[in-house]
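Letter by letter, the chains look like this.
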Protein chains: 2
Amino acid sequence: MDKFALHPAFAATSEPLAELKLCHARLQLDARWSWIVLIPRKVGAREIEHLSPQNRQQLMEEIVLAGAAVKAVAAAIGRPVDKLNVGQLGNITPQLHVHVIGRRPDDPAWPGPVWGVGQPVPYAPDTLARAIAAAQGPLGAMRSAS
Amino acid sequence: MDKFALHPAFAATSEPLAELKLCHARLQLDARWSWIVLIPRKVGAREIEHLSPQNRQQLMEEIVLAGAAVKAVAAAIGRPVDKLNVGQLGNITPQLHVHVIGRRPDDPAWPGPVWGVGQPVPYAPDTLARAIAAAQGPLGAMRSAS
(Lines give C-alpha, C1' and ligand atoms only; values in the text may rest on other atoms or scores of the structure.)
Protein backbone atom coordinates (compact mmCIF):
# COMPACT_ATOMS: atom_id res chain seq x y z
CA MET A 1 0.00 0.00 0.00
CA ASP A 2 1.24 3.50 -0.81
CA LYS A 3 2.44 5.64 2.05
CA PHE A 4 0.49 8.83 2.72
CA ALA A 5 2.25 11.95 1.45
CA LEU A 6 1.03 15.47 2.09
CA HIS A 7 0.17 17.37 -1.10
CA PRO A 8 2.93 19.99 -1.61
CA ALA A 9 0.41 22.84 -1.84
CA PHE A 10 -0.08 22.75 1.94
CA ALA A 11 3.57 23.38 2.78
CA ALA A 12 3.52 26.76 1.05
CA THR A 13 0.46 28.10 2.85
CA SER A 14 0.45 26.55 6.32
CA GLU A 15 2.54 25.38 9.25
CA PRO A 16 2.32 21.95 10.95
CA LEU A 17 0.55 21.88 14.34
CA ALA A 18 -0.10 18.29 15.39
CA GLU A 19 -0.71 14.72 14.29
CA LEU A 20 -4.19 13.76 15.45
CA LYS A 21 -5.53 10.20 15.29
CA LEU A 22 -6.77 10.62 11.73
CA CYS A 23 -5.58 14.01 10.53
CA HIS A 24 -2.46 16.03 10.11
CA ALA A 25 -3.38 19.49 11.50
CA ARG A 26 -1.88 22.71 10.16
CA LEU A 27 -2.20 26.44 10.89
CA GLN A 28 -3.03 28.48 7.79
CA LEU A 29 -0.41 31.23 7.40
CA ASP A 30 -2.87 34.07 7.03
CA ALA A 31 -3.13 36.46 9.98
CA ARG A 32 -6.53 37.72 8.79
CA TRP A 33 -8.19 34.60 10.21
CA SER A 34 -7.58 32.00 12.92
CA TRP A 35 -7.63 29.04 10.56
CA ILE A 36 -6.74 25.36 10.91
CA VAL A 37 -6.60 22.82 8.08
CA LEU A 38 -7.15 19.09 8.78
CA ILE A 39 -5.78 16.56 6.28
CA PRO A 40 -6.79 12.91 6.89
CA ARG A 41 -3.73 10.70 6.38
CA LYS A 42 -5.51 8.43 3.87
CA VAL A 43 -3.92 7.77 0.50
CA GLY A 44 -6.13 8.75 -2.44
CA ALA A 45 -8.98 10.28 -0.42
CA ARG A 46 -10.50 13.32 -2.08
CA GLU A 47 -14.05 13.35 -0.69
CA ILE A 48 -15.48 12.59 2.77
CA GLU A 49 -17.21 9.51 1.30
CA HIS A 50 -13.77 8.04 0.51
CA LEU A 51 -13.20 7.57 4.26
CA SER A 52 -14.59 4.56 6.10
CA PRO A 53 -17.61 5.28 8.35
CA GLN A 54 -15.31 4.95 11.37
CA ASN A 55 -12.82 7.44 9.95
CA ARG A 56 -15.62 9.82 9.04
CA GLN A 57 -16.73 9.83 12.65
CA GLN A 58 -13.16 10.47 13.76
CA LEU A 59 -12.97 13.34 11.27
CA MET A 60 -16.09 14.86 12.78
CA GLU A 61 -14.57 14.76 16.28
CA GLU A 62 -11.33 16.28 14.98
CA ILE A 63 -13.34 19.08 13.34
CA VAL A 64 -14.86 19.89 16.73
CA LEU A 65 -11.41 19.75 18.33
CA ALA A 66 -10.00 22.04 15.65
CA GLY A 67 -12.83 24.46 16.41
CA ALA A 68 -11.67 24.63 20.03
CA ALA A 69 -8.09 25.15 18.83
CA VAL A 70 -9.18 27.93 16.45
CA LYS A 71 -10.89 29.68 19.37
CA ALA A 72 -7.72 29.29 21.46
CA VAL A 73 -5.61 30.81 18.67
CA ALA A 74 -8.04 33.69 18.22
CA ALA A 75 -8.02 34.48 21.95
CA ALA A 76 -4.21 34.24 22.13
CA ILE A 77 -3.71 36.77 19.35
CA GLY A 78 -6.30 39.17 20.78
CA ARG A 79 -9.02 38.60 18.18
CA PRO A 80 -11.49 36.24 19.93
CA VAL A 81 -14.17 34.53 17.84
CA ASP A 82 -17.47 32.91 18.63
CA LYS A 83 -18.43 31.93 15.05
CA LEU A 84 -16.81 29.06 13.17
CA ASN A 85 -16.89 28.19 9.49
CA VAL A 86 -16.15 24.64 8.36
CA GLY A 87 -15.52 23.81 4.73
CA GLN A 88 -14.44 20.85 2.64
CA LEU A 89 -13.91 22.15 -0.90
CA GLY A 90 -10.77 20.78 -2.56
CA ASN A 91 -11.56 22.28 -5.95
CA ILE A 92 -7.92 23.31 -6.32
CA THR A 93 -5.87 20.94 -4.11
CA PRO A 94 -6.91 17.34 -4.88
CA GLN A 95 -6.31 15.83 -1.43
CA LEU A 96 -9.13 15.63 1.13
CA HIS A 97 -8.84 18.47 3.65
CA VAL A 98 -11.19 20.38 5.92
CA HIS A 99 -10.88 24.05 6.81
CA VAL A 100 -11.96 25.25 10.27
CA ILE A 101 -11.95 29.04 10.45
CA GLY A 102 -12.83 31.58 13.13
CA ARG A 103 -15.02 34.41 11.88
CA ARG A 104 -15.66 37.94 13.18
CA PRO A 105 -18.08 40.59 11.91
CA ASP A 106 -15.07 42.89 11.42
CA ASP A 107 -13.04 40.43 9.30
CA PRO A 108 -12.28 41.30 5.65
CA ALA A 109 -14.70 38.78 4.11
CA TRP A 110 -17.62 38.85 6.57
CA PRO A 111 -20.32 37.59 6.03
CA GLY A 112 -19.06 35.87 2.87
CA PRO A 113 -16.70 32.89 2.75
CA VAL A 114 -12.95 33.46 3.18
CA TRP A 115 -11.64 31.29 0.32
CA GLY A 116 -10.12 33.23 -2.53
CA VAL A 117 -10.57 36.62 -0.85
CA GLY A 118 -7.61 39.00 -1.31
CA GLN A 119 -4.06 38.01 -0.47
CA PRO A 120 -2.84 36.21 2.68
CA VAL A 121 -1.33 38.49 5.35
CA PRO A 122 1.78 36.98 7.01
CA TYR A 123 1.84 36.60 10.78
CA ALA A 124 4.44 38.63 12.70
CA PRO A 125 6.93 36.02 14.07
CA ASP A 126 5.96 36.49 17.74
CA THR A 127 2.25 36.35 16.92
CA LEU A 128 2.78 33.16 14.92
CA ALA A 129 4.60 31.56 17.84
CA ARG A 130 1.73 32.50 20.17
CA ALA A 131 -0.84 31.17 17.71
CA ILE A 132 0.93 27.82 17.32
CA ALA A 133 1.38 27.42 21.07
CA ALA A 134 -2.29 28.23 21.68
CA ALA A 135 -3.51 25.72 19.06
CA GLN A 136 -1.37 22.95 20.44
CA GLY A 137 -3.16 23.08 23.80
CA PRO A 138 -6.50 21.69 22.56
CA LEU A 139 -4.90 19.61 19.80
CA GLY A 140 -2.38 18.07 22.17
CA ALA A 141 -5.23 16.36 23.97
CA MET A 142 -5.72 14.11 20.94
CA ARG A 143 -2.27 13.63 19.48
CA SER A 144 -1.62 10.46 17.49
CA ALA A 145 0.28 7.69 19.22
CA SER A 146 2.06 6.84 15.96
CA MET B 1 -38.52 22.18 25.84
CA ASP B 2 -39.04 24.42 22.81
CA LYS B 3 -40.18 22.81 19.59
CA PHE B 4 -37.80 23.04 16.64
CA ALA B 5 -38.84 25.67 14.09
CA LEU B 6 -37.09 26.16 10.76
CA HIS B 7 -35.55 29.62 10.35
CA PRO B 8 -37.74 31.52 7.83
CA ALA B 9 -34.74 32.33 5.61
CA PHE B 10 -34.71 28.76 4.29
CA ALA B 11 -38.29 28.87 2.94
CA ALA B 12 -37.43 31.67 0.53
CA THR B 13 -34.42 29.97 -1.03
CA SER B 14 -35.08 26.23 -0.95
CA GLU B 15 -37.68 23.51 -1.27
CA PRO B 16 -38.27 20.64 1.24
CA LEU B 17 -36.94 17.22 0.20
CA ALA B 18 -37.05 14.83 3.16
CA GLU B 19 -36.95 14.43 6.92
CA LEU B 20 -33.85 12.41 7.76
CA LYS B 21 -33.15 11.00 11.24
CA LEU B 22 -31.44 14.21 12.36
CA CYS B 23 -31.87 16.76 9.60
CA HIS B 24 -34.52 18.44 7.55
CA ALA B 25 -33.17 18.26 3.95
CA ARG B 26 -33.93 20.92 1.34
CA LEU B 27 -33.05 21.56 -2.31
CA GLN B 28 -31.52 24.99 -2.88
CA LEU B 29 -33.55 26.81 -5.56
CA ASP B 30 -30.61 27.75 -7.73
CA ALA B 31 -30.29 25.88 -11.01
CA ARG B 32 -26.60 26.83 -11.30
CA TRP B 33 -25.68 24.10 -8.81
CA SER B 34 -27.05 20.79 -7.55
CA TRP B 35 -27.25 21.84 -3.94
CA ILE B 36 -28.80 20.36 -0.80
CA VAL B 37 -29.05 22.02 2.61
CA LEU B 38 -29.25 19.94 5.81
CA ILE B 39 -30.72 21.54 8.92
CA PRO B 40 -30.46 19.47 12.13
CA ARG B 41 -33.77 19.66 14.00
CA LYS B 42 -32.14 20.82 17.25
CA VAL B 43 -33.42 23.92 18.99
CA GLY B 44 -30.76 26.59 19.48
CA ALA B 45 -27.92 24.82 17.65
CA ARG B 46 -25.71 27.19 15.68
CA GLU B 47 -22.40 25.29 15.53
CA ILE B 48 -21.54 21.61 15.07
CA GLU B 49 -20.21 21.53 18.65
CA HIS B 50 -23.73 22.31 19.90
CA LEU B 51 -24.81 18.82 18.81
CA SER B 52 -24.20 15.79 21.01
CA PRO B 53 -21.39 13.46 19.83
CA GLN B 54 -24.04 10.98 18.70
CA ASN B 55 -25.89 13.61 16.67
CA ARG B 56 -22.60 14.83 15.18
CA GLN B 57 -21.95 11.33 13.90
CA GLN B 58 -25.46 11.18 12.46
CA LEU B 59 -24.85 14.54 10.79
CA MET B 60 -21.70 13.17 9.18
CA GLU B 61 -23.62 10.21 7.75
CA GLU B 62 -26.38 12.51 6.47
CA ILE B 63 -23.73 14.68 4.78
CA VAL B 64 -22.49 11.60 2.89
CA LEU B 65 -26.09 10.69 2.02
CA ALA B 66 -26.76 14.24 0.79
CA GLY B 67 -23.65 13.92 -1.39
CA ALA B 68 -25.18 10.87 -3.08
CA ALA B 69 -28.44 12.79 -3.51
CA VAL B 70 -26.61 15.78 -5.01
CA LYS B 71 -24.98 13.47 -7.55
CA ALA B 72 -28.39 11.95 -8.36
CA VAL B 73 -29.85 15.44 -8.91
CA ALA B 74 -26.92 16.47 -11.09
CA ALA B 75 -27.25 13.34 -13.25
CA ALA B 76 -31.04 13.76 -13.55
CA ILE B 77 -30.76 17.32 -14.86
CA GLY B 78 -27.97 16.43 -17.28
CA ARG B 79 -25.10 18.11 -15.46
CA PRO B 80 -23.31 15.24 -13.67
CA VAL B 81 -20.74 16.05 -10.99
CA ASP B 82 -17.88 14.16 -9.42
CA LYS B 83 -16.71 16.91 -7.03
CA LEU B 84 -18.57 17.86 -3.86
CA ASN B 85 -18.21 20.90 -1.65
CA VAL B 86 -19.42 20.78 1.96
CA GLY B 87 -19.77 23.91 4.06
CA GLN B 88 -21.08 24.93 7.45
CA LEU B 89 -20.97 28.72 7.57
CA GLY B 90 -24.09 30.29 9.09
CA ASN B 91 -22.66 33.81 9.12
CA ILE B 92 -25.99 35.16 7.89
CA THR B 93 -28.66 32.64 8.96
CA PRO B 94 -28.20 31.83 12.67
CA GLN B 95 -29.44 28.23 12.65
CA LEU B 96 -27.02 25.33 12.17
CA HIS B 97 -27.10 24.11 8.56
CA VAL B 98 -24.73 22.32 6.22
CA HIS B 99 -24.49 22.89 2.47
CA VAL B 100 -23.64 19.98 0.17
CA ILE B 101 -23.00 21.19 -3.37
CA GLY B 102 -22.01 19.52 -6.62
CA ARG B 103 -19.24 21.31 -8.50
CA ARG B 104 -18.13 21.28 -12.13
CA PRO B 105 -15.17 23.00 -13.78
CA ASP B 106 -17.67 24.82 -16.04
CA ASP B 107 -19.83 26.20 -13.22
CA PRO B 108 -19.98 29.99 -12.70
CA ALA B 109 -17.87 30.06 -9.50
CA TRP B 110 -15.30 27.32 -10.18
CA PRO B 111 -12.82 26.89 -8.51
CA GLY B 112 -13.97 29.37 -5.86
CA PRO B 113 -16.79 28.82 -3.36
CA VAL B 114 -20.41 29.29 -4.48
CA TRP B 115 -21.74 31.33 -1.56
CA GLY B 116 -22.57 34.93 -2.40
CA VAL B 117 -21.72 34.54 -6.10
CA GLY B 118 -24.13 36.33 -8.46
CA GLN B 119 -27.88 35.83 -8.30
CA PRO B 120 -29.76 32.52 -8.02
CA VAL B 121 -31.16 31.16 -11.30
CA PRO B 122 -34.64 29.64 -10.92
CA TYR B 123 -35.22 26.06 -12.05
CA ALA B 124 -37.60 25.48 -14.94
CA PRO B 125 -40.66 23.72 -13.40
CA ASP B 126 -40.07 20.38 -15.12
CA THR B 127 -36.36 20.42 -14.23
CA LEU B 128 -37.23 21.19 -10.61
CA ALA B 129 -39.63 18.24 -10.49
CA ARG B 130 -36.91 15.96 -11.91
CA ALA B 131 -34.34 17.28 -9.43
CA ILE B 132 -36.61 16.73 -6.43
CA ALA B 133 -37.57 13.22 -7.56
CA ALA B 134 -33.91 12.32 -8.10
CA ALA B 135 -32.84 13.58 -4.65
CA GLN B 136 -35.59 11.69 -2.91
CA GLY B 137 -34.20 8.35 -4.12
CA PRO B 138 -31.03 8.40 -1.99
CA LEU B 139 -32.65 10.45 0.80
CA GLY B 140 -35.66 8.13 1.00
CA ALA B 141 -33.36 5.38 2.22
CA MET B 142 -32.94 7.23 5.50
CA ARG B 143 -36.22 9.00 6.10
CA SER B 144 -37.17 9.76 9.71
CA ALA B 145 -39.68 7.48 11.38
CA SER B 146 -41.22 10.43 13.22
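Residues numbered from 1 in each chain as written. Chains lettered and ligands numbered in written order. Predicted model: local features only at pLDDT ≥ 70, side-chain atom pairs only at ≥ 80, totals over all residues. Heavy atoms only, no water.

Visitor: For the interface of chain A and chain B, give the residues involved together with the corresponding values.
Guide: Contact residues are listed per partner, giving 30 residues for chain A and 30 residues for chain B. Summed over both partners, the interface of chain A with chain B comes to about 2600 Å²; 54% of that surface belongs to carbon and sulfur atoms. The largest contributions to the chain A side of the interface with chain B come from Met60, Lys83 and Asn91 of chain A, which together make up 23% of the buried area. With a closest N to O distance of 2.8 Å, Glu61 of chain B and Arg56 of chain A form a salt bridge. On the surface where chain A and chain B come into contact, there are 18 residue pairs in polar contact (both at pLDDT 80 or more). Breaking the side of chain A that touches chain B down by element, the ones donating at least two residues are helix H2 (53-76) and strand E4 (83-88) of chain A. (Contact = heavy atoms within 4.5 Å. Buried area = accessible area lost by both parts, 1.4 Å probe. Salt bridge = Lys/Arg side-chain N within 4 Å of Asp/Glu carboxyl O. Polar contact = N/O pair within 3.5 Å; in protein donor to acceptor, adjacent residues only side chain to side chain. Helix = DSSP H or I, 4+ residues; strand = E, 2+ residues; numbered from the N terminus.)

Visitor: Can you tell me about helix H2 (residues 53-76) of chain B, naming the residues and giving the values?
Guide: Think of an α-helix as 3.6 residues a turn; residues three or four steps apart then line up on the same face. Taking 1.5 Å per residue, 24 residues should reach 34 Å; H2 of chain B reaches 35 Å between its end C-alpha atoms and fits that length. Following H2 of chain B by one or two positions, Gly78 of chain B adopts a phi angle in the positive range, close to 80 degrees. (Expected span 1.5 Å × (residues − 1).)

Visitor: Please set out the pairing of strand E1 (residues 14-19) of chain B residue by residue, giving values where relevant.
Guide: Residues and elements named next belong to chain B. Here five bridges tie E1 to strand E2 (residues 23-28), and the two strands are oriented antiparallel to one another. Of the residues in E2, the one forming a bridge with Ser14 is Gln28. Between the end of E1 and the start of E2, which pair antiparallel, lie three residues. (Pairing = 2+ DSSP bridges.)

Visitor: Would you mind going over the packing of aromatic side chains in detail, with residue names and values included?
Guide: On inspection of all chains with the given rule, the structure shows three aromatic pairs over all chains. Seen from their ring centres, Trp33 of chain A and Trp35 of chain A are 6.2 Å apart, and the 70 degrees between their planes marks the pair as edge-to-face. Ring geometry for Trp115 of chain A and Trp115 of chain B: centres 6.1 Å apart, planes at 35 degrees, overall tilted. Of this pair, Trp115 of chain A sits in the loop between strand E5 (98-103) and helix H3 (125-140) while Trp115 of chain B sits in the loop between strand E5 (98-103) and helix H3 (125-140), placing the two residues on different chains. (Phe/Tyr/Trp six-rings, centres within 6.5 Å; stacked < 30°, edge-to-face > 60°.)

Visitor: Give a detailed account of the pattern of salt bridges, specifying residues and quantitative values.
Guide: Residue and element names in this part refer to chain A. Across all of its chains, the model carries 16 salt bridges over all chains by this definition. Note that Asp106 and Arg104 form a salt bridge whose closest N and O atoms lie 2.9 Å from each other. Judged by relative accessible area, Arg104 falls into the buried class, the value being 18%. Shared partners join several salt bridges into a network, and the residues in it are Arg79, Arg104 and Asp106. (Buried < 20%, exposed > 50% of the residue type's maximum accessible area, 1.4 Å probe, protein only.)

Visitor: So what about the nonpolar core? Which residues, and what values?
Guide: Ranked by size, the top nonpolar core spans 70 residues in total, and within it Ile36 and Leu139 of chain A together with Ile36 and Leu139 of chain B carry the most contacts. If we skip the residues at most four places from it in the chain, Ile36 of chain B touches Leu17, Arg26, Leu27, Ala66, Ala69, Val70, Val98, His99, Val100, Ala135 and Leu139 of chain B. Core analysis: the next-biggest nonpolar cluster, separate from the first, contains 21 residues, Trp35 of chain A together with Ile39, Ile101 and Ala109 of chain B among them. (Core = buried A, V, L, I, M, F, W, Y, C linked by side-chain atoms within 4.5 Å.)

Visitor: Any details on the relation of the copies chain A and chain B? Residues and values, ideally.
Guide: Its rotation angle being 180 degrees, the transformation that places chain A on chain B also includes 0.0 Å of axial translation and leaves an RMSD of 0.0 Å. What we have between these two chains is a two-fold relation. Taking the C-alpha atom as reference, chain A places Gly87 of chain A closest to the rotation axis, 2.1 Å from it. Most of the interface of chain A is mirrored in chain B, where 100% of its interface residues are also at the interface. (Least-squares fit on C-alpha atoms with pLDDT ≥ 70 in both.)

Note that all results are geometric; they support no functional claim without further evidence.
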